[in-house]
Amino acid sequence: MTWVYDFAEGSKDQKDLLGGKGANLAEMTNLGLPVPPGFTISTETCRAYLSEGGEPEGMAEEVTDHLAALEEAMGKKLGDADDPLLVSVRSGAKFSMPGMMETVLNVGLNDTSVGGLAARSESDRFAQDSYRRLLQMFGGTVLNVDSELFSEALDEAKRAKGTDSDLDLDADDLRGVVESFKAIIKEHTGRDFPQDPREQLDLAVRAVFESWNTDRARLYRRQERIPEDLGTAVNVQAMVFGNFGMDSGSGVAFTRDPASGEQGEYGDYLQNAQGEDVVAGIRNTVSLADMAEIDRTSHDHLMDIMRRLERHYRDMCDIEFTVERGKLWMLQTRVGKRTPEAAFRIAVHMVDEGLIQMDEAVLRVTGDQLALLMFPRFDETADRVLLATGMNASPGAAVGKAVFDSDTAVEWAERGEDVILVRKETNPDDLRGMVAARGILTSRGGKTSHAAVVARGMGRTCVCGAESLDVDTKAKEFRVRNGETVREGDVISIDGTTGEVFAGAVPVADSVVVRHFEGEKLDDDLAHAVSRIMAHADGARRLRVRTNADTPDDAARARRFGAQGIGLCRTEHMFLGERRELVEKLIVAQDEEGVEAALAELLPLQRQDFTEILEAMDGLPVTIRLLDPPLHEFLPDLTELSVEVALAEERGEVDERATTLLTHVRRLHEQNPMLGLRGVRLGIQIPGLFRMQARAIAEAAADRQQVHGAPRPEIMVPLVASVRELAIVRAEIDRVIAEVQEARGMKLDIAIGTMIELPRAAFLADRIAKAADFFSFGTNDLTQMAWGFSRDDVESAFFSRYFEHGIFDVSPFESLDQLGVGGMVEMGTTKGREVKPDLKVGVCGEHGGDPLSVHFFDTVGLDYVSCSPFRVPVARLEAGRSVLERR
Ligand code: PEP
Ligand code: MG
């Protein structure tokens, strides 16, 4: 077993073993780029450490060997009194978890070696500054001392000096800070800061391992769906110093703009600073263009390396670098996170630049990103009061009440309020609040600050570095330069695409991508990029994409969005509103004649409904589902009606209608309506109802045919469990269709199929297929019935506990439970096709528009998915990606 690897031993393809940072450091080392030497303790070691509760056997010896090699390479010894080698100890999991785990810099400094560092660097100030940073990071992350204590002591030193910049503290001031930090450590841990360099290193490595399991790291993983059992690698690397003076500095950069996808390098540079200062936003950074003015040589070298990295990785890279006394060092690179807009634009630009092929471009974007691009934007024509402009860190339009801490954000969001989390800057402890908020607003930090990186990662709208805002989190308010104050609870609107912050709730308008799908001709780079990616995905995909729509407007919109028919036209809303009265008549009818009369009134209305929808989808299949929900949903509420009748009686009045209705409401009342008289059961109980609907569909088709339309209706029976149920209903429908054909003298082609949404139906799909022309999986009910979860109640009731325990990491109502419910879908499909090889099979539950579920449905060979109109483009894209991924 090998636990530790030299940078020169790895490559970018070893992220499982070396973590993302380690693998890419290895790659850069092997590319001959200026990377400070070092070694990586593997993720395997972390897993072993966490399961054994200590360092695995042999690890310490390997660290010793690699450290010796590093000392040899650098010509210095760790923590040497005269010329100390210092190292950084950084976490690095397979998937980037920005700021979630620990980093300790300057390991190797102690009361003696700080003198050696001062002598060698000829800067006492630099040596003291480095030592206080080690104490601060080590104290906070390794020894678990509250980091606030260190910040407060540092602030105190600045106050004493009459400054608010750490740069104004001289060597003696910093010596004082070092002493107070040591005292803090002693006071809060009961021991002195460890002076032995190797002990420092070992404890720092251990702290990194353990930081895998902090609450914030767990929460982040759940949010980002990163598996719990990966562990993190630890990178031990020779320190280079950006805090040597003004000829040194640290920066982060992207090879393209991660917010817009615009071509050209983008980054932030901070003179005389270590890397953590840049992301923490303690001072304001300068752009790369300004860096060129400060240090042309390092800047040009950096540009050259960035271009090289982009060509090598064939993707946008993000980079961390340090300049030490005019020499550039690369500390990290990886394929950079980007906004959805940037993802689409970069993918297509890279095709045009010959870096990648279209297939790959499609694989580099996701349906989730496309969905985000379809969110509304603020309406630019509306009246708006601009409060400030910051950086457009993560796109979207968010409106909510301003809150100033994570607890409030979570609390208010839980009671259903939209909130915007406002902070000076965020740190990893704000994650809970960021998850709960609609948007994040900070007054400091650039596009690479923690707030920006994390918000982009989770698709939250974010404006950062709105410097004209004076945020006071203690007073729970921020002041705007013009004097206005926004307090906790005041509504604000933030535009993550432009960086603007507005007072009050700004109305929203359609996004450019939606306008593109609507068919508007736009001269817009993003719209072009989306259009090309969609065309390629459509060319690749096998699955057809239909929509769930039950109005002509929705049908027409879905068609513009690329729907290839309707997979589910629910008919329940057609019985609501004014028509409720007719349903009431049907239910209270005393005899056959009364029933027929009520149905006769409904027939023309239904015919009209279907004619309009068939017209909107002319030429494409339209699956109309016969009435599904329990009848009581169309009747007044039992309690209310009882009270009404009782009150009338008390007044000595008799309300004939209410009293009769009450009898029927009582008769139809069910303890478990979702398991009661609904779906096909209704059709068997009140056969006239389904007959009427079938007639309306057949007549609507005949009407459309008469005017030379191309109607393609399909009739779907819900909630079937037994082939007998379907056969009985089907016989009735067949008879009605025959009658209409006869009466109208035309041939109608209407398929009759069933939903498969009960476990029994999935198990007996081979029998049911005998009476069905098609299947459509109702995965909403199938999930409900498979888990025994009430789809209306459980998500808000106890799912958060289920997430905490990792029973599932996403609601099975949102993304298909592939093992359980998916297993039934697969079995049902196979069994159905055993009997009818050409059986058309689709899905019309909510999962039809969920990216992961779409891949599953494609893999098990369904013919189509059906989803709400807005998810049609998402499903098209994912269906294409699914095929390309398999290739
Ligand atoms: C389903 O159960 O998946 C379905 C599409 O039907 P409904 O949501 O109307 O019950
Ligand atoms: Mg259903």
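Residues numbered from 1 in each chain as written. Chains lettered and ligands numbered in written order. Predicted model: local features only at pLDDT ≥ 70, side-chain atom pairs only at ≥ 80, totals over all residues. Heavy atoms only, no water.

For the protein, the name recorded in an unreviewed UniProt entry is Pyruvate, phosphate dikinase, with Nocardioides pinisoli as its organism. Quoted verbatim from the Sequence similarities (unreviewed entry) heading of the UniProt record, the comment on the protein is "Belongs to the PEP-utilizing enzyme family." (UniProt positions renumbered as here; feature names shortened; annotations may be inferred.)

Visitor: Just give me the short version of the overall build of the protein, but keep the residues and values in it.
Guide: Scanning the protein for helices and strands turns up 36 helices and 33 strands. Based on the C-alpha atoms only, the size of the protein along its principal axes is roughly 105 × 65 × 55 Å. Buried positions account for 56% of the 887 residues belonging to the protein. Once local pairs closer than 6 in sequence are excluded, the contacts in the protein between residues at least 24 apart make up 69%. Roughly 35900 Å² of accessible area belongs to the protein as shown, and the carbon and sulfur atoms make up 47% of that amount. When the 102 positive and 151 negative side-chain charges of the protein are each reduced to one mean point, those points stand 4 Å apart. (Helix = DSSP H or I, 4+ residues; strand = E, 2+ residues; numbered from the N terminus. Buried < 20%, exposed > 50% of the residue type's maximum accessible area, 1.4 Å probe, protein only. Contact = heavy atoms within 4.5 Å. Areas by Shrake-Rupley, 256 points an atom, 1.4 Å probe, with all protein chains shown as cover. Lys, Arg positive; Asp, Glu negative; His and termini not counted. Charge placed at Lys NZ, Arg CZ, Asp CG, Glu CD.)

Visitor: With reference to specific residues and values, describe unusual backbone geometry.
Guide: Residue Asn-272 is not a glycine yet carries a positive backbone phi of 50°. Assignment of secondary structure puts Asn-272 in the loop between strand 9 (263-271) and helix 10 (275-280). Even without glycine at this site, Arg-314 takes up a positive phi of about 50°. Note on placement: Arg-314 falls in the loop between helix 12 (296-313) and strand 11 (317-324). Residue classification places Arg-314 among the partly exposed positions, given a relative accessible area of 31%.

Visitor: Explain the environment of Lys-476 to me, and be specific about the residues and the numbers.
Guide: Note that Lys-476 resides in the loop between strand 20 (470-472) and strand 21 (477-479). Along the chain, Lys-476 and Gly-489 lie 13 residues apart, while their C-alpha atoms are 9.3 Å from each other. Dropping the residues within four chain positions of it, Lys-476 is found in contact with Phe-404, Asp-405, Thr-408, Arg-487 and Glu-488. Among the polar contacts listed, one links the side chain of Lys-476 to the side chain of Asp-405, at a separation of 3.4 Å. (Polar contact = N/O pair within 3.5 Å; in protein donor to acceptor, adjacent residues only side chain to side chain.)

Visitor: Before we move on, could you go through the UniProt feature "domain: Pyruvate phosphate dikinase AMP/ATP-binding" (unreviewed entry) in the protein and cite the residues and values that matter?
Guide: According to UniProt, the positions carrying the feature "domain: Pyruvate phosphate dikinase AMP/ATP-binding" (unreviewed entry) are residues 59-284 and 293-347. Span residues 293-347 is 51% helix and 31% strand, its end C-alpha atoms 32 Å apart.

Visitor: Could you give an account of the domain arrangement of the protein, with specific residues and numbers?
Guide: The domains assigned to the protein are domain 1 (4-238), domain 2 (249-335), domain 3 (375-509) and domain 4 (541-630 + 670-886). The straight-line distance from the C-alpha centre of domain 1 to that of domain 4 is 58 Å. (Domains from an automatic or database assignment.)

Visitor: Give a detailed account of the sheet that holds strand 9, specifying residues and quantitative values.
Guide: The antiparallel open sheet is built from 5 strands, whose spatial order is 10-9-8-11-12. This sheet does not close on itself; its edge strands, each paired only once, are strand 10 (286-287) and strand 12 (327-335). (Pairing = 2+ DSSP bridges.)

Visitor: Give a description of the pattern of salt bridges that names residues and reports values.
Guide: Evaluated as defined, the whole model comprises 78 salt bridges. A salt bridge links Arg-216 to Glu-102; the shortest N-O distance between them is 3.7 Å. Of the two residues, Arg-216 sits in helix 9 (residues 215-224) while Glu-102 sits in the loop between strand 5 (87-93) and strand 6 (103-107), which places them 114 residues apart along the sequence. For the pair Arg-216 and Glu-102, one class covers both residues: buried. Residue Arg-691 is joined to Glu-732 by a salt bridge in which the shortest nitrogen-to-oxygen separation is 2.7 Å. Of this pair, Arg-691 sits in helix 27 (residues 687-706) while Glu-732 sits in helix 28 (residues 723-744), placing them 41 residues apart in sequence. Within this structure, Glu-572, Arg-625, Asp-628, Arg-678, Asp-781 and Arg-791 form a network of salt bridges that share partners. (Salt bridge = Lys/Arg side-chain N within 4 Å of Asp/Glu carboxyl O.)

Visitor: Please give an account of helix 4 (residues 113-121) that cites residues and values.
Guide: Taken together, the buried positions of helix 4 are Ser-113, Val-114, Gly-116, Leu-117, Ala-118 and Ser-121. Those residues of helix 4 hidden inside the fold are in contact with strand 4 (84-85) and helix 5 (124-142). Positioned one or two residues after helix 4, Glu-122 has a phi angle of 55°, which is positive.

Visitor: Report on the sheet that holds strand 27 (residues 566-569), specifying residues and quantitative values.
Guide: Strand order in this closed barrel of 8 strands is 26-27-28-29-30-31-32-33, and the pairing throughout is parallel. Going from strand to strand, the sheet's axes swing by 30° on average, the running direction of each strand aside. Taken together, the 2 bridges between strand 27 and strand 28 (residues 621-625) define a ladder with parallel strand orientation. In the sheet register, Ile-566 faces strand 28, and the bridge partner there is Val-622. Its contacts with the sheet put helix 36 (residues 872-886) on strand 26 (544-548) and strand 33 (864-867), and the angle it makes with strand 26 is roughly 160°. (Axes fitted to C-alpha atoms, helices over the stretch in contact; angles between N-to-C directions.)

Visitor: Could you give an account of the site of ligand 1, with specific residues and numbers?
Guide: Taken together, 14 residues form the shell around ligand 1, and within it Arg-570, Gly-778, Asn-780, Asp-781 and Arg-791 come nearest. At 2.9 Å from an oxygen atom of ligand 1 is found a side-chain nitrogen or oxygen belonging to Arg-625. The biggest single contributor to the shell around ligand 1 is helix 31 (residues 779-787), with 3 residues. Of the residues contributing to the shell around ligand 1, the split by class is 3 nonpolar, 4 polar and 7 charged. (Near = heavy atom within 4 Å. Nonpolar A, V, L, I, M, F, W, Y, C, P; charged D, E, K, R; others polar.)

Visitor: Please give an account of the coordination of the magnesium ion (ligand 2) that cites residues and values.
Guide: Six octahedral donors around a metal ideally make angles of 90 or 180 degrees; four tetrahedral donors ideally make 109.5 degrees. Looking at the metal site, the magnesium ion (ligand 2) is ligated by Glu-757 (OE) and Asp-781 (OD), spaced 2.0 to 2.1 Å from it. Of this pair, Glu-757 sits in the loop between strand 30 (751-756) and helix 29 (759-763) while Asp-781 is found in helix 31, placing the two residues 24 residues apart along the sequence. Neither Glu-757 nor Asp-781 differs from the other in exposure class; each is buried. (Donors = N, O, S within 2.8 Å, 3.2 Å for Na, K, Ca; no water.)

Visitor: Before we move on, could you go through helix 20 (residues 525-540) and cite the residues and values that matter?
Guide: What sets the pattern is the α-helix's 3.6 residues per turn: residues three or four places apart point alike. The end-to-end C-alpha distance of helix 20, which contains 16 residues, comes to 23 Å, matching closely the 22 Å that a straight helix rising 1.5 Å per residue would cover. Buried within helix 20 we find Leu-526, Ala-527, Ala-529, Val-530, Ile-533, Met-534, Ala-537 and Ala-540. The buried side chains of helix 20 occupy one side of the element, clustering within an arc of 160° when seen end-on. Where helix 20 is buried, its residues contact helix 13 (340-352), helix 14 (358-363), helix 15 (367-373), helix 19 (512-517) and helix 36. The N-cap of helix 20, judged by a side-chain oxygen 2.9 Å from the amide nitrogen of Leu-526 a few residues on, is Asp-524. (Expected span 1.5 Å × (residues − 1). Arc of directions from axis to C-beta.)

Visitor: Which residues make up the side chain of Glu-27, and what values do they have?
Guide: In this structure, Glu-27 sits in helix 1 (residues 15-30). Although Glu-27 is buried, it makes no salt bridge; Lys-12 carries the closest opposite charge, 4.5 Å away. A polar contact of 2.7 Å, which involves the side chain of Glu-27, links it to the backbone nitrogen of Lys-12. Aside from chain neighbours lying at most four places away, what touches Glu-27 is Ser-11, Lys-12, His-312 and Tyr-313.

Visitor: Break down the pairing of strand 27 for me, with residues and values.
Guide: Looking at chain direction, strand 26 and strand 27 are connected through 2 bridges and run parallel. The residue of strand 27 that forms the bridge with Asn-548 is Leu-568. On the question of chirality, the crossover connecting strand 26 to the parallel strand 27 by way of helix 21 (residues 552-560) is right-handed. (Right-handed = clockwise from strand over helix to strand, strands pointing away.)

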